[in-house]
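Structural characterization, general
Listed here are the chains, written in short residue letters.
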Amino acid sequence: RTVAAFDSFRFVIKGSLAGAAVYVAYDQGLLGSGTQGAEALKKAQAALPPAIQEWTSYIGWEVRTMQLPPTPKFDFSPSDSWNKGVQTVMSALSVAPTRACEYSVEGWKYVKDLVK
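Residues numbered from 1 in each chain as written. Predicted model: local features only at pLDDT ≥ 70, side-chain atom pairs only at ≥ 80, totals over all residues. Heavy atoms only, no water.

As named in an unreviewed UniProt entry, the protein is MICOS complex subunit MIC13, taken from Cochlearius cochlearius. Its UniProt record gives the protein the following Subunit (unreviewed entry) comment, quoted word for word: "Component of the mitochondrial contact site and cristae organizing system (MICOS) complex." (UniProt positions renumbered as here; feature names shortened; annotations may be inferred.)

See below:
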């Protein structure tokens, strides 16, 4: 009984964490359009160095701003990358029925040749 209750509790905790992660991603705009994702990336790049500075001062480490490496710069558009991925997937899905027919014809031909 206690094992089942513990498993149920773990399931609820994991489900809550997953739900919270999805909510935070949605709230920050990561599940929106590519433009919203790019804005969220810019916000993260601006917030990361101060957060590291605050965290290290909280635990007592002496870190100077000059010691931190610069935030990497990204020279790509998330919306363009997303659109390219969607186009690639849609292209593959559009030729899938044709390819399936071709492969089935080849398979039948192979089986017929084996039976002869």
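On we go.
**Focus on the overall build of the protein**
On a plain count of helices and strands, the protein comes out with three helices and zero strands. What you see in the protein, going N to C, is helices and strands ordered as α-α-α. Within the protein, buried positions represent 7% of all 116 residues. For the protein, the computed accessible surface area is about 10,300 Å², with 66% contributed by carbon and sulfur atoms. (Helix = DSSP H or I, 4+ residues; strand = E, 2+ residues; numbered from the N terminus. Buried < 20%, exposed > 50% of the residue type's maximum accessible area, 1.4 Å probe, protein only. Areas by Shrake-Rupley, 256 points an atom, 1.4 Å probe, with all protein chains shown as cover.)

**Structural notes on helix α2 (residues 34-59)**
Taking 1.5 Å as the rise per residue, α2 with 26 residues should run 38 Å; its terminal C-alpha atoms sit 36 Å apart, in good agreement. At Leu48, α2 shows its strongest bend, of approximately 30°, with the proline Pro49 following within four residues. Inspection of α2 places Gly34, Gly37, Ala38, Ala40 and Thr56 among the buried residues, and these make up the whole buried set. (Expected span 1.5 Å × (residues − 1). Bend = angle between axes of the 7 residues up to and from the residue.)

**What about a nonpolar patch on the surface?**
Together, Trp108, Tyr110, Val111, Leu114 and Val115 line one region of the surface with nonpolar side chains, adding up to about 600 Å² of accessible area. Examined against the element boundaries, Val115 turns out to sit in helix α3 (residues 78-115). Val115 gets classed as exposed once you look at its relative accessible area, which sits at 68%. (Patch = residues over 30% accessible without salt bridge, like charges linked within 9 Å, V, L, I, M, F, W, Y side chains within 5 Å. Salt bridge = Lys/Arg side-chain N within 4 Å of Asp/Glu carboxyl O.)

**A short note on the pattern of salt bridges**
Applying the stated criterion to the full structure yields one salt bridge. A salt bridge links Glu102 to Arg99, with the nearest nitrogen and oxygen atoms 3.6 Å apart. One end of the pair is Glu102 and the other is Arg99, both in helix α3 and three residues apart, which spans about a single turn. Residue Arg99 is classed as partly exposed on the basis of its relative accessible area, which comes to 42%.

**With respect to the confidence of the model for the protein**
Model confidence for the protein is summarised by a mean pLDDT of 78, while 80% of its residues fall at 70 or above. The element-level mean pLDDT for the protein is lowest in α2, coming to 75, with helix α1 (residues 2-27) highest at 86. (pLDDT = per-residue confidence, 0-100.)

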